[in-house]
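# Chain and residue survey
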Amino acid sequence: MKEKIKTIAFDADDTLWVNEPFYREAEKKLCNMLSDYMPAEQVMEELYKTEMQDLEWYGYGVKAFVLSMIDTAIRISNNTLPAATVQDIMNLGRDMLQKPIELLPHVEETLEQLNGNYRLVVATKGDLLDQERKLKKSGLERYFHHIEIMSDKTLAEYTKLLHHLDCSADNFLMIGNSMRSDIVPVLELGAYAAHIPYHMTWAHEQLPYTPQHERFLELECISDILKHLL
Ligand SMILES: [Mg+2]
């Protein structure tokens, strides 16, 4: 594997830095705001339903999440939601966009060691502006040769990315926390994929099984990849 890999792509959210806990925190606050209408458990179910319906229209990221929260709240309240609550929900989104970046353990030292030996790339979903801002704030920008903000992480999108990078699947490794987005399509493409589980993963990104594949690696921590590559 070491001899083959030339380009390594990293997922960003919950691979390089903390992300999902901020969504859960906002979700909890939404449940509190809507507790007069519905128990928390049900609010979360309704929100997930809305998110799944909205995905193809709004894509991923905080903006889409805010729209889904508002849509859910209006529905749950039977169109009686006060405008002030809509404002509160929008503020949840603004707070999320302003969170400081918390790098995950060993991220910077791993990039530092790989830099120079491999071409490093970021491949992430989410809002363009938000992801660009997060990358700048993270201080990690200088390690990356290319930043790709993808509308979705499907086989077709990865094919486009590899074409753009002029890289064959044989020379490509993707590292990320989401089985559905970072691993499965990449293995399908014939490339290498390394999974680093994060303790909190959105239901949509999970898989009910672990892929069995000769080009699949399961890691505990991002720095574990060094054993395979250096
Ligand atoms: Mg991720």
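How each quantity is defined
Residues numbered from 1 in each chain as written. Predicted model: local features only at pLDDT ≥ 70, side-chain atom pairs only at ≥ 80, totals over all residues. Heavy atoms only, no water. Donors = N, O, S within 2.8 Å, 3.2 Å for Na, K, Ca; no water. Buried < 20%, exposed > 50% of the residue type's maximum accessible area, 1.4 Å probe, protein only. Phe/Tyr/Trp six-rings, centres within 6.5 Å; stacked < 30°, edge-to-face > 60°. Helix = DSSP H or I, 4+ residues; strand = E, 2+ residues; numbered from the N terminus. Lys NZ or Arg CZ within 6 Å of the ring centre and 35° of its normal. Core = buried A, V, L, I, M, F, W, Y, C linked by side-chain atoms within 4.5 Å. Contact = heavy atoms within 4.5 Å. Bend = angle between axes of the 7 residues up to and from the residue. Axes fitted to C-alpha atoms, helices over the stretch in contact; angles between N-to-C directions. Parallel < 35°, antiparallel > 145°, perpendicular 65-115°, else oblique. Left-handed = near helix turned anticlockwise from the far one by under 90°.

## Focus on the coordination of the magnesium ion
For the magnesium ion, the full set of protein donor atoms is Asp11 (OD), Asp13 (O) and Asn177 (OD1), at a range of 2.1 to 2.2 Å. Sequence positions of the donors to the magnesium ion reduce to the motif D-x1-D-x163-N. You'll find Asp11 and Asp13 in the same group, each marked buried.

## Quick word on the packing of aromatic side chains
Applying the stated rule across the entire model yields 4 aromatic pairs. Relative to Phe65, the ring of Tyr23 has its centre 4.8 Å away and its plane inclined at 55°; by these criteria the two rings are tilted. Taken together, the residues Tyr23 in helix 1 (residues 20–33) and Phe65 in helix 3 (residues 62–76) connect sequence positions 42 residues apart. Look at Phe65 and you get buried, because its relative accessible area is 3%. Consider the rings of Tyr60 and Trp202, whose centres lie 6.2 Å apart with planes at 90°: the pair is edge-to-face. Of the two residues, Tyr60 is situated in the loop between helix 2 (40–58) and helix 3 and Trp202 in the loop between strand 5 (192–195) and strand 6 (216–218); the sequence distance between them amounts to 142 residues. Of the two residues, Tyr60 and Trp202, both sit in the buried class. An aromatic cluster of three or more residues is present, and its members are Tyr48, Tyr60 and Trp202. Cation over ring: Lys125 sits above Tyr60, and NZ or CZ is 3.7 Å from the ring centre.

## Some words on the nonpolar core
The nonpolar side chains of soluble globular proteins are, as a tendency, buried together. Counting residues in each nonpolar core, the largest one holds 32 residues, and the members touching the most others are Ile8, Phe10 and Leu16. Of all the secondary structure elements, the ones that give two or more residues to this core are strand 1 (7–10), helix 5 (107–114), strand 2 (119–124), strand 4 (172–176), strand 5 and helix 9 (225–229). Setting aside its immediate chain neighbours within four residues, Leu16 contacts Phe10, Asp11, Glu102, Leu103, Leu104, Val107, Val122, Leu140, Phe144 and Ile222.

## Observations regarding helix 2
The periodicity of an α-helix, 3.6 residues per turn, causes residues three or four positions apart to be oriented the same way. At Met52, helix 2 is deflected by roughly 30°, the largest bend along its length. Every buried residue of helix 2 is listed here: Val43, Glu46, Leu47, Thr50, Glu51, Asp54 and Leu55. Taken together, the buried residues of helix 2 touch helix 1 and helix 3. The first or second residue beyond helix 2 is Gly59, which carries a positive phi of 75°.

## A word on the packing of helix 1 against helix 3
Two elements in contact, helix 1 and helix 3, have axes separated by 12 Å at closest approach and are oriented at 15°. In terms of axis orientation, helix 1 runs roughly parallel to helix 3. Like other packed secondary-structure pairs, helix 1 and helix 3 cross with a definite hand, here right-handed. In this structure, helix 1 uses Tyr23, Ala26, Glu27 and Leu30 to contact helix 3, whose residues at the interface are Val62, Phe65 and Met69.

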